[in-house]
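One letter stands for each residue in the lines below.
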Amino acid sequence: MEDASVFSVQSTDLPVTIAESLSVKELLFRYLCYIRRFTLTLIRPVVLESGIEFRLAGADLSLISFLPPVYENDFATLRICGGILVQPRQCDRGELRFGVEHFSGVVRVSLQLNEFCPLILGSRSPSLIRFWLYRVTQAAIHRLVTVRFLSLLYRKLAGSSACVRIVNVAVRAGKPV
């Protein structure tokens, strides 16, 4: 975005026949389990009374920390509150939002990252090197993780032979990463 914060949203529309009972709590739980599996336990989501931390294996070091989830209607919001991947002066900004919205015949499942200020970017006006470094590392990993998670969720619910198609859509104005 203009202030060098990151906005990212990935979603999938599932037929109501296979996703009618899917809840946002279940979605969040599945995502936390998926992160652990996808990273071969290198990153371990830890649920604490104070929130959720994504920690490196064998360390108490939090890559990214969240306050406890806030459940409202069809969404669960995890507010970012720290971690080594977050700019130190921007720890109170940003959120990861999970959605399970029911429409006529369709259940839209979404993961949205809002106002995240990654350490790699460094400031509100990152250098070109920092921008490209973020783009080829953290941004690429985030996109891969979320798109793969939604694809696997669809195949889990619809059957392993279900066809998944990825469509890029511009949702907000900003610099594509």
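Residues numbered from 1 in each chain as written. Predicted model: local features only at pLDDT ≥ 70, side-chain atom pairs only at ≥ 80, totals over all residues. Heavy atoms only, no water.

To continue, consider the side chain of Ser 8. By the element assignment, Ser 8 lies in strand S1 (residues 6-15). Reaching out from Ser 8, the side chain makes a polar contact with the side chain of Gln 10 at a distance of 3.0 Å. Filtering out sequence-adjacent residues up to four positions away, Ser 8 remains in contact with Leu 111, Gln 112, Leu 113 and His 142. (Helix = DSSP H or I, 4+ residues; strand = E, 2+ residues; numbered from the N terminus. Polar contact = N/O pair within 3.5 Å; in protein donor to acceptor, adjacent residues only side chain to side chain. Contact = heavy atoms within 4.5 Å.)

Opposite charge on two side chains lets them pair, provided their charged atoms get close. One pass over the full model with this rule turns up five salt bridges. Of the charged contacts, one joins Arg 108 and Asp 13 as a salt bridge, the two residues approaching to 2.7 Å between their closest N and O atoms. Linking Arg 108 in strand S8 (residues 106-116) with Asp 13 in strand S1, this pair joins segments that are 95 residues apart in sequence. Put simply, Glu 95 and Arg 79 hold a salt bridge, and the shortest N to O gap is 3.4 Å. With Glu 95 in strand S7 (residues 95-103) and Arg 79 in strand S6 (residues 75-82), this pair connects stretches of sequence that are 16 residues apart. The buried category is assigned to Glu 95, whose relative accessible area is 16%. Under the relative-accessibility criterion, Arg 79 is labelled partly exposed at 32%. Among the charged side chains, a salt-bridge network with shared partners connects Glu 53, Arg 55 and Asp 60. (Salt bridge = Lys/Arg side-chain N within 4 Å of Asp/Glu carboxyl O. Buried < 20%, exposed > 50% of the residue type's maximum accessible area, 1.4 Å probe, protein only.)

Our focus in this paragraph is the confidence of the model for the protein chain. The predicted model of the protein chain has a mean per-residue pLDDT of 89, with 92% of residues at 70 or higher. At the level of individual helices and strands, the protein chain shows its lowest average pLDDT in S1, which scores 90, and its highest in strand S5 (residues 70-72), which scores 97. (pLDDT = per-residue confidence, 0-100.)

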